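# Summary of the model geometry
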Amino acid sequence: SYTDLRHKLYGYYAFRLTQNMSLKAGVAAESSSPNSNGLKRDYLIFQPYADFKYNPSKSVDFKLKYRAKTNYPGIGQTNPFTYVIDQQTVRTGNPLLRPELTHKVSLQTNILGGFITIEPYYHFSKNLITETGVLRPDTIFEYNYGNAGDYKNYGIEGRIQFPLGKKLFVETSVDIFKSRIKYGTSTNNVNDWTMSNQFVYVEEKTGFVAGFQYQNNLRKYITAQGYSKGDNDFWIVFVQRPFLKKQLSVMLLYFTPIMWGVDVNQGSYMNTGTYTETKMYDIGMLKNMLMLEVSYRFNKGK
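Numbering of residues begins from 1 in every chain and follows the order in which that chain's sequence is written. With the structure being a predicted model, the display of local features is reserved for residues of pLDDT at least 70 and the display and counting of side-chain atom pairs for 80 or more, all residues being used for whole-chain, interface and lining totals. Side-chain measures were taken over the full set of non-hydrogen atoms in the model, leaving aside hydrogen atoms and water.

## Some remarks on the side chain of T132
Selection criterion: Helix numbering and strand numbering both begin at the N terminus, where a helix is a DSSP run of H or I of at least 4 residues and a strand a DSSP run of E of at least 2. With a 1.4 Å probe rolled over the protein chains alone, any residue whose accessible area is under 20% of its type maximum counts as buried; one over 50% counts as exposed, and the rest are partly exposed. The term polar contact refers here to a pair of N or O atoms within 3.5 Å; inside protein, the definition further demands a hydrogen-donor-capable atom paired with an acceptor-capable atom, and it admits residues adjacent in sequence only when both atoms are side-chain atoms. Should any heavy atoms of two residues lie within 4.5 Å, those residues are considered in contact.
Among the secondary structure elements, T132 is positioned in strand β10 (residues 128-135). Note on T132: relative accessible area 3%, which makes it buried. Polar contacts involving the side chain of T132 include one to the side chain of N144, which spans 2.3 Å. Each residue touching T132, except ones within four places of it in the same chain, is listed here: E142, Y143, N144, Y145, G146, Y183, A224, Q225 and M270.

## Brief notes about the side chain of S179
Structurally, the position occupied by S179 is in strand β13 (residues 168-183). Classification of S179 by relative accessible area gives buried; the value is 5%. In this structure the side chain of S179 is engaged in a polar contact, spanning 2.7 Å, whose partner is the side chain of N153.

## Some thoughts on the layout of surface pockets
Definition in use: Buriedness for pockets is judged along seven lines, at least five of which must meet protein on both sides within 12 Å for an open set on the 1 Å grid over protein atoms alone, while cavities are sets there where a 1.4 Å probe fits but cannot get out, and lining residues have an atom within 4 Å of a point. Grid points are joined across faces, edges and corners, and a volume is the space filled by probe spheres set on the points.
Considered as a void within the structure, the largest pocket measures approximately 720 Å³ in volume. At the level of secondary structure, the elements contributing two or more residues to the lining of the largest pocket comprise β5 (60-71), β8 (100-111), β9 (116-125), β10, β12 (150-164), β13 and β16 (219-223).

## Here's the deal with the pattern of salt bridges
Here is the rule: Salt bridges are defined as contacts in which a side-chain nitrogen from Lys or Arg sits within 4 Å of a carboxyl oxygen from Asp or Glu.
Evaluation of the coordinates by the stated rule reveals 13 salt bridges. Notably, a salt bridge pairs E142 with R136, separated by 3.9 Å at the nearest N-O pair. E142 sits in the buried class, given a relative accessible area of 14%. For R136, a relative accessible area of 28% translates into the label partly exposed. In this structure, K167 engages E203 in a salt bridge whose closest nitrogen and oxygen atoms are separated by 3.1 Å. Pair noted here: K167 is in the loop between β12 and β13 and E203 is in strand β14 (residues 186-203), with a separation of 36 residues, a long-range link.

## A look at the sheet that holds strand β6 (residues 82-84)
This is how the line gets drawn: The rule for pairing is simple: two strands pair if DSSP sees at least two bridges between them. Simply put, an axis is a line fit to the C-alpha atoms, just over the touching stretch for a helix, and the angle between two N-to-C directions goes from 0 to 180 degrees.
Taken in spatial order, the four strands line up as β6-β7-β11-β10 in an open sheet, and their pairing is mixed. Every interior strand has two partners, whereas the edge strands, β6 and β10, have only one. For this sheet, the mean angle separating the axes of adjacent strands, direction not counted, is 30°. Inspection of the sheet shows strand β7 (residues 89-92) paired to strand β11 (residues 141-148) by three bridges, in the parallel sense. Paired with V90 across the strands is E142, a residue of β11.

## Concerning the nonpolar core
To keep it simple, the criterion reads: Nonpolar cores are built from buried Ala, Val, Leu, Ile, Met, Phe, Trp, Tyr and Cys residues. Side-chain atoms within 4.5 Å join them into one set.
Formed by 14 residues in total, the largest nonpolar core has its most connected members in I236, F238, L253, F255 and V262. Examining the composition of this core, we find that four residues originate from one element, strand β18 (residues 233-243), more than from any other.

## Structural notes on the pairing of β5
Summarising the sheet, strand β4 (residues 43-54) and β5 pair through six bridges and their orientation is antiparallel. The residue of β5 that forms the bridge with Y49 is R67. Between β4 and β5, which pair antiparallel one after the other, the connecting turn spans five residues. Bridge count between β5 and β8: 12 bridges; the pairing is antiparallel. Bridging across to β8, A68 finds its partner in H103.

So this is what it looks like as structure tokens:
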């Protein structure tokens with residue numbers, strides 16, 4: 001059995017320093033009291049928040065942002081029961097996992113009202129929840145979880161969005177980053193990037209929208225001894241049309257079979273020094289997938 005009683009109290013204050021400078025600051029306090037089969041712990045977590053915005057001109061503005069994000073361990077990560085995955089591997093949860101607190105600092109620069117956005121960022125944590133593993137003396141590999149002692153992630157995000165005439169819009173975004181985890185006596189580094197390009201046609205009078213998008217978002221998420229690969233890559237085309245005074249909306253989306261710049265293998269990699277493992281999962285089922293979405297809004301609310 002597992003229970004967790006949580007409380008949260010938060011507040012912020014926003015004020016204008018000068019005509020072109022403003023500040024928004026606050027803090028959240030969270031308490032967590034997980035109880036796993038009688039093993040009870042109590043945590044108190046503070047999450048500061050701050051935004052400093054500076055508008056030197058109409059064409060450029062800067063926003064210095066600071067966030068603190070909490071991630072609580074799931075029941076699968078804290079369950080101390082050991083279960084068998086296959087003949088060579090087992091998995092055991094860690095009931096002593098602490099909640100994770102990650103600090104995020106970034107500087108967002110908007111040019112020409114958001115025509116171009118550039119945002120370098122830096123994330124760090126002293127107790128990141130991460131998957132670990134060890135090769136036991138009986139040659140069975142055991143997965144478990146721990147709080148990493150030193151996690152850093154820094155990179156830069158960029159976005160360009162602009163119109164081509166009155167009905168066609170183009171948007172390109174990219175994220176380039178490097179992650180590092182120091183766990184015990186070893187250090188793990190992961191570099192990766194993601195990108196998305198979208199061309200959208202909008203007919204304002206009828207609400208008709210059509211688009212073509214390329215997404216390269218199958219990225220590496222660092223772990224203490226390797227990484228996992230999640231999300232997906234694709235080339236898609238879509239059309240969307242509202243009906244009945246925009247209460248009914250119908251969208252048709254097609255994942256094309258184009259494979260240029262597309263990776264269809266999710267998975268993970270782990271290297272403990274005495275054990276190396278690579279897993280790959282083919283998600284090629286996305287090719288030629290056709291999706292139909294129909295939604296109806298009964299009222300607009302207040």
